[in-house]
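Residue-level structure breakdown
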Amino acid sequence: MDYRKYKYDQVKKQKEARKKAKTVNVQEIRLSPSIQKHDLEIKARNAIRILGKDDKVKVSIRFRGREMAHKDLGRKVLEDFFDLVKDVSQIASKPKFEGRSIQMLLEPKSE
């Protein structure tokens with residue numbers, strides 16, 4: 001077998017593998033610690049639509065000013081949000097504080 005044929009077959013296999021590879025997009029949904037119930041339900045509906053397309057959803061809550069004193073409210077909002085979407089999603093990364101925000105990553109539920 002000559003080397004050129006070997007290299008050609010390798011390149012062909014790599015192209016074939018790239019065609020079959022699945023790309024996953026991550027879309028962000030921003031919430032606030034003082035979000036109302038109806039607004040939260042609308043954001044959850046949007047997240048369900050995104051998760052239905054097999055994309056991941058990054059849910060973040062940004063604290064401004066004196067809201068930093070009430071981080072427990074932000075965590076509660078994330079728990080309520082997850083309760084609304086838990087039938088179609090699972091947590092990929094648990095809620096964690098990073099500076100002035102809390103972030104959580106959701107992915108479609110695997111069957």
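Structure: above.
What this report covers is the structure whose coordinates are included nearby. (Residues numbered from 1 in each chain as written. Predicted model: local features only at pLDDT ≥ 70, side-chain atom pairs only at ≥ 80, totals over all residues. Heavy atoms only, no water.)

Overall, the coordinates contain four salt bridges when judged by the stated rule. Arginine 30 is the salt-bridge partner of glutamate 28, the closest N and O atoms lying 3.7 Å from each other. Judged by relative accessible area, which is 61%, arginine 30 ranks as exposed. Aspartate 83 is the salt-bridge partner of lysine 86, the closest N and O atoms lying 4.0 Å from each other. Lysine 86 sits in the partly exposed class, given a relative accessible area of 43%. For aspartate 83, a relative accessible area of 45% puts it in the partly exposed group. (Salt bridge = Lys/Arg side-chain N within 4 Å of Asp/Glu carboxyl O. Buried < 20%, exposed > 50% of the residue type's maximum accessible area, 1.4 Å probe, protein only.)

Turning our eyes to something else, we now look at the environment of asparagine 25. Within the secondary structure layout, asparagine 25 lies in the loop between helix H1 (3–20) and strand S1 (26–31). Its relative accessible area of 43% is what places asparagine 25 among the partly exposed residues. In this structure the C-alpha to C-alpha distance between asparagine 25 and valine 57, which are 32 residues apart in sequence, comes to 8.4 Å. Those residues in contact with asparagine 25 that sit more than four places away from it in its chain are Asp55 and Lys56. (Helix = DSSP H or I, 4+ residues; strand = E, 2+ residues; numbered from the N terminus. Contact = heavy atoms within 4.5 Å.)

This brings us to the sheet that holds S1. Each strand in a sheet pairs with another by means of backbone hydrogen bonds, the pair being arranged parallel or else antiparallel. Here we have four strands laid out as an open sheet, ordered S1-S2-S4-S3, and mixed in their pairing. The two strands at the open ends of the sheet, each matched to only one other strand, are S1 and strand S3 (89–98). Taken over all neighbouring pairs, the strand axes of this sheet differ in orientation by 20° on average, direction set aside. Pairing geometry for S3 and strand S4 (residues 101–108), over seven bridges, is antiparallel. Considered in S4, the bridge of lysine 96 is made with glutamine 103. On top of the sheet, helix H2 (residues 37–52) reaches S1, strand S2 (56–62), S3 and S4; it is set at about 175° to S1, its chief contact. Against the sheet, helix H3 (residues 71–85) makes contact with S1, S2, S3 and S4, and its axis sits at roughly 10° relative to S4, the strand it touches most. (Pairing = 2+ DSSP bridges. Axes fitted to C-alpha atoms, helices over the stretch in contact; angles between N-to-C directions.)

Before going further, it helps to examine the nonpolar core. With 20 residues, the main nonpolar core has Ile29, Leu31, Val57, Val59, Phe81, Val85 and Leu106 as its most contacted residues. For this core, the elements supplying multiple residues, two or more each, are S1, H2, S2, H3 and S4. (Core = buried A, V, L, I, M, F, W, Y, C linked by side-chain atoms within 4.5 Å.)

Keep in mind that these numbers describe shape and distance, not what the molecule does.
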